[in-house]
Amino acid sequence: MPPQPTYQIGPVWSSERNTDVQLNVFVGDKHFQIDLFTANFEASPTLLKEYLLHVEHSDPEYLPPLPENPDDDDEFVDPLEEFYDWAMKPFLLLFREIPPLDPDRLYTLQNCLFPERLRYTLQLAGDELIPVPLDVAADSRPVGALLPASAKLDDSVFPLYRPDDIHIWLDDNAIALPTQPGKVYIKGQDVCFFKQILPGDIGMTVTEISTYAKIHSAELGEDVHVSRCLGVVKDEATSRIVGLLLSYIECENKTLLCAGRDPKQSALRQKWLKQITHSLHELHARQITWGDAKPDNVLIDVHDDAYLIDFGGGYTRRWVDKELMNTIEGDLQGLGRIAEHLSKELA
């Protein structure tokens, strides 16, 4: 049995200007920011070579070489995971000192989005690498999007919540708080899905909130299978919108794109297409557009019903032409191509 992991991997940040890298890991309710500087490895040619190789392999565009023996059953190892394994070895004793998550505590989005941050680097001590604490930078990456004044939220449509109003669902085997919480509870009761908003998502967020407001005002029937907005989460300290609270669709992460490929689901494809067509017709009858129409934006729930999601606008090549994005015509084009996609999978 493989050993229990002691940390959860987060994002990697790098620059085209140099080979310095920032790794992020989460342990318990702590966020460790590990800043790796190429200069710190230069006194050891061996470690420098290892480090630069890991940096090269962590590039999203890096393609691992094919195995020499195509029939080899060796499990694929993610180069990014290998980088983390290599860089985190000196930290393992430190990580084990962090208290585990308390199963009796009600953690909130405040704990997930704004955890205590500890900043370290690695330096050479002889032939070994050791963790060295650094001052926590004041210019940490912002959380959420700051909407323009013209997009002032109407709290009579959607209630505003603070991050500490929203409790998270914690897996029994969790070693750290989720970096992207999904299933959450409003004040510990009403279950919903938390859609996190990133700093650059300003236009998309304005469009999505506006569309959800139209859906709310339309008072659509339950036969219209679309996600609904139940509230907005705002950080009072920065006035940034950190996320939307959407109706929870129990789907086990299954989208139409993957469900449509399953030969066992062939009898359901006509049902899904009929549901998507009906929901879209009801939206269009009220001048509401879906936007980014594609199979990835259709969830198939545990009852085998199809739900439209993602009303932030935009388009995706192959499904909607750019000049038709965010229009009823574009939605209908996307619907036609979804129908073609399902019929091909059926053939």
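Look up: the structure comes first, before these words.
Residues numbered from 1 in each chain as written. Predicted model: local features only at pLDDT ≥ 70, side-chain atom pairs only at ≥ 80, totals over all residues. Heavy atoms only, no water.

> I'd like a rundown of the side chain of His225, residues and numbers included.
Position of His225 among the secondary structure elements: in the loop between helix H5 (202–218) and strand E10 (229–235). Using a relative accessible area of 10% as the deciding quantity, one classes His225 as buried. Sequence-distant contacts of His225, defined by excluding residues within four places in its chain, comprise Gln275, Ser279, Asp305, Ala306, Tyr307 and Leu308. (Helix = DSSP H or I, 4+ residues; strand = E, 2+ residues; numbered from the N terminus. Buried < 20%, exposed > 50% of the residue type's maximum accessible area, 1.4 Å probe, protein only. Contact = heavy atoms within 4.5 Å.)

> Can you tell me about the pairing of strand E11 (residues 240–246), naming the residues and giving the values?
Within E11, seven of the seven residues are buried, which leaves the element mostly enclosed by the surrounding structure. Relative to E11, strand E9 (residues 190–196) runs antiparallel, the two being bridged by four bridges. Bridge pairing in E11 places Gln196 opposite Gly243. Connecting E10 to the next strand, E11, in antiparallel fashion are four residues, including Ser239 with a positive phi near 65 degrees. (Pairing = 2+ DSSP bridges.)

> How would you explain the side chain of Asn111 if you had to name every residue and give the values?
On the secondary structure map, Asn111 appears in helix H4 (residues 109–113). Reaching out from Asn111, the side chain makes a polar contact with the backbone nitrogen of Thr108 at a distance of 2.8 Å. Beyond its immediate sequence surroundings of up to four residues, Asn111 is in contact with Arg105 and Leu177. (Polar contact = N/O pair within 3.5 Å; in protein donor to acceptor, adjacent residues only side chain to side chain.)

> A description of the sheet that holds strand E4 (residues 116–125) should follow, citing residues and the corresponding values.
With respect to topology, five strands assemble into an open sheet ordered E1-E2-E3-E4-E5, the strand pairing being mixed. The open sheet has two edge strands, strand E1 (8–14) and strand E5 (128–134), and neither has a second partner. In this sheet, neighbouring strand axes are inclined to one another by 25 degrees on average, regardless of whether the strands run parallel or antiparallel. Examined bridge by bridge, strand E2 (residues 21–27) and strand E3 (residues 30–36) share seven bridges and lie antiparallel to one another. (Axes fitted to C-alpha atoms, helices over the stretch in contact; angles between N-to-C directions.)

> Outline the environment of Ala237, supporting the account with residue identities and numerical values.
Tracing the backbone through its elements, the reader meets Ala237 in the loop between E10 and E11. Looking at Ala237, the relative accessible area reads 73%, which means it is exposed. Counting along the chain gives 151 residues from Ala237 to Trp86, while the straight-line C-alpha distance between them is 37 Å.

> Give a description of the environment of Thr207 that names residues and reports values.
Inspection of the secondary structure assignment puts Thr207 in helix H5. Residue Thr207 is classed as partly exposed on the basis of its relative accessible area, which comes to 33%. Once the C-alpha coordinates of Thr207 and Trp169 are considered, the two residues, 38 residues apart in sequence, prove to be 28 Å apart. Other than its neighbours up to four places away in sequence, Thr207 contacts Phe311, Gly312 and Gly313.

In short, geometric facts, not functional conclusions.
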